[in-house]
Amino acid sequence: MAFRLQVRNYRGLRAVDWSPEGVCALVGANGSGKTTLLDVPALLGDALDRGLARALEDHGGIANARNMYADEREPYDFEITVGQTTWRLAPVLVGDGFRSEERLVSGGHVIVARAAGADSARVFDKDVVVRNELALGLRHSLEIEFPESDALPEVLSRYRLYGSYDLAALRRSGSPDSSERRLDRRGTNVFSVLRNWRDKKPDRMRYDFVLEGLREIFADFFDDLEFEKAAQVVGGSLRLKGDRLHSASLAPDGWFVALLHLTALASTDREDLIAIDEPENALHPHAIKLLLERMRSWSRRHAVTVLLATHSPVIINDFDNRPEQLFVMQHGRPVSPVAVTDLKARDWLAHFALGDLYMREEFGAPDDPDDAEHRAPHDG
């Protein structure tokens, strides 16, 4: 399914136009906006439920959201397209108040909706901009009917940016006992989610995917995972080679990180979008390579788009044979990110390992500190 994200003058992002597909890597200097970019679909998902003003507050605040180097006359907006539906939001500060200019286009038709308490409306075949205080997608407050085939609301509501896992909480307390079927952003419900998958036939394939991946990545010691429930907590134990049990609280960080990455991936449904920030953390290069193979396998089978923000030469080298899926937050380019094949000739790239080129700063190098006009003000 077609996916396209466009952003203008949001935090450190001056201009974004990105249509990733499959497993893609996003690279660039610290502060170039990688994490900010991967957070935008989460921001839009929150705007869908709670309105743009509250979403901006929850993602760093409204006051500092507009790029500090953007002229007041420059546009400041978000636009996302999923399949045949495009949703555009432009934040507007008016005095002490806040409103958004919005437009929802589905199947070539512009759909207009107003907040509950006002007259709701749907307008077709007209290029209409709506001005009101709340987001068009505020589903509990607006009367709006998305076509049954429209995936945009579901993709945004299901999107997760992973990477900042709370390993300390997992080691200390395990997971709260719940019926949840998706990994939360911090990963703290992982044992409950895995147990629920194991015990539900429709989700058993998700559980098997995670366990098979762990057995492959940690073939030297890991055999199986067992769960224990105490009060309202679900804990885990590793069954090691030789049939010995080992508390998950004592497992290596790398095992936990791989467990959480695999569970995050298996939490996706068909044609979902997911992102992982710095997936290489705590993992051996061999484990990284096997994890990437598992990611590509899941992506192919379920048409899931996987976005990886990374500085790892190991991950970047894994894109040597698919450089069109390696994207760069490149200083000096009017629009980012840009595929590395648009920065360097494919024939020239074929002579090198992409990770080596990245380390040599052939692409994705830090900004020139004397060039304040394009410098990103927020770490990304």
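Our structure's up above, just so we're on the same page.
We now turn to the structure provided with this report.

**Points about the environment of Ser 267**
- On the secondary structure map, Ser 267 appears in the loop between helix H7 (253-266) and strand E14 (273-277).
- Given a relative accessible area of 4%, Ser 267 falls into the buried group.
- In this structure, the C-alpha to C-alpha distance between Ser 267 and Arg 206, residues 61 residues apart in sequence, is 7.5 Å.
- For Ser 267, the contacting residues outside a window of four places in its chain are Arg 158, Arg 181, Arg 182, Leu 183, Trp 197 and Arg 206.
- Engagement of the side chain of Ser 267 in a polar contact is seen with the backbone oxygen of Thr 263, the distance being 2.8 Å.

**Observations regarding the pairing of strand E2 (residues 13-18)**
- Bridge count between strand E1 (residues 3-10) and E2: five bridges; the pairing is antiparallel. The residue bridging Leu 5 from the neighbouring strand is Trp 18, located in E2.
- Hairpin connection from E1 to E2: two residues lie between these consecutive antiparallel strands, with Arg 11 at a positive phi of about 50°.

**Comments concerning the sheet that holds strand E15 (residues 305-309)**
- Taken together, six strands build an open sheet; the order of strands is E9-E14-E15-E3-E16-E17 and the sheet is mixed. Of all the strands in the sheet, just strand E9 (160-162) and strand E17 (338-339) have a single pairing partner and so form its edges.
- Looking at chain direction, E14 and E15 are connected through five bridges and run parallel. Among the inter-strand pairings, Leu 273 is bridged to a residue of E15, identified as Thr 305.
- Each of strand E3 (23-28), E9, E14, E15 and strand E16 (326-329) is contacted by helix H1 (residues 34-50), which is oriented at about 140° to E3, the strand it contacts most.

**Focus: the pattern of salt bridges**
- One pass over the structure, following the stated rule, counts 25 salt bridges.
- A salt bridge links Asp 208 to Arg 204, with the nearest nitrogen and oxygen atoms 3.1 Å apart. Of this pair, Asp 208 and Arg 204 both sit in helix H6 (residues 204-217), four residues apart, which is roughly one turn of that helix.
- The shortest N-O distance in the salt bridge between Arg 294 and Glu 212 comes to 3.8 Å. Taken together, the residues span a long stretch of sequence, with Arg 294 in helix H8 (residues 285-302) and Glu 212 in helix H6 at a distance of 82 residues.

**Observations regarding the packing of H6 against H8**
- Where H6 contacts H8, the two axes come as close as 9 Å, and the packing angle between them is 155°. Taken together, the axes of H6 and H8 are roughly antiparallel relative to one another. Handedness of the H6/H8 crossing: right-handed. Packed against H6, whose contacting residues are Met 205, Arg 206, Phe 209, Glu 212, Gly 213, Glu 216 and Ile 217, the element H8 presents Ala 287, Leu 290, Leu 291, Glu 293, Arg 294, Trp 298, Arg 301 and His 302 at the interface.

**Structural notes on H1**
- Here H1 contains 17 residues, and its C-alpha end-to-end distance of 25 Å stays within 8% of the 24 Å for a straight helix at 1.5 Å per residue.
- Along H1, the helix axis deviates most sharply at Val 40, where the bend reaches about 35°; the proline Pro 41 sits within four residues downstream.
- In terms of burial, H1 is a largely internal element, 14 of the 17 residues being buried.
- Of the residues flanking the end of H1, it is Gly 51, one or two places downstream, whose phi is positive at about 95°.

**Focus on the packing of aromatic side chains**
- One pass over the full model with this rule turns up twelve aromatic pairs.
- When the centroid spacing of 6.4 Å and the interplanar angle of 65° are considered together, the rings of Phe 191 and Phe 256 count as edge-to-face. Here Phe 256 lies in helix H7 and Phe 191 lies in helix H5 (residues 190-199), a separation of 65 residues in the sequence. Residues Phe 191 and Phe 256 agree in their burial class; the two are buried.
- Members of the aromatic cluster, each reached through a chain of ring pairs, are Phe 191, Phe 222, Trp 255 and Phe 256.
- Stacked on the ring of Phe 319, the Lys or Arg Arg 296 has its end atom at 4.8 Å from the ring centre.

**Observations regarding the nonpolar core**
- Of all hydrophobic cores here, the largest spans 63 residues; its most connected members are Val 210, Trp 255 and Leu 259.
- Counting residues per element, this core draws most heavily on H7, at ten residues.
- With residues up to four places along the chain from it excluded, the contact list for Val 210 reads Leu 194, Trp 197, Leu 259, Leu 262, Thr 263 and Ala 266.
- In this structure, Leu 43, Tyr 76, Phe 78 and Val 82 belong to the second largest nonpolar core, which totals 42 residues.

So, how was this worked out
- Residues numbered from 1 in each chain as written.
- Predicted model: local features only at pLDDT ≥ 70, side-chain atom pairs only at ≥ 80, totals over all residues.
- Heavy atoms only, no water.
- Helix = DSSP H or I, 4+ residues; strand = E, 2+ residues; numbered from the N terminus.
- Buried < 20%, exposed > 50% of the residue type's maximum accessible area, 1.4 Å probe, protein only.
- Contact = heavy atoms within 4.5 Å.
- Polar contact = N/O pair within 3.5 Å; in protein donor to acceptor, adjacent residues only side chain to side chain.
- Pairing = 2+ DSSP bridges.
- Axes fitted to C-alpha atoms, helices over the stretch in contact; angles between N-to-C directions.
- Salt bridge = Lys/Arg side-chain N within 4 Å of Asp/Glu carboxyl O.
- Parallel < 35°, antiparallel > 145°, perpendicular 65-115°, else oblique.
- Left-handed = near helix turned anticlockwise from the far one by under 90°.
- Expected span 1.5 Å × (residues − 1).
- Bend = angle between axes of the 7 residues up to and from the residue.
- Phe/Tyr/Trp six-rings, centres within 6.5 Å; stacked < 30°, edge-to-face > 60°.
- Lys NZ or Arg CZ within 6 Å of the ring centre and 35° of its normal.
- Core = buried A, V, L, I, M, F, W, Y, C linked by side-chain atoms within 4.5 Å.

Honestly, that's just the spatial picture; any functional story needs more than this.
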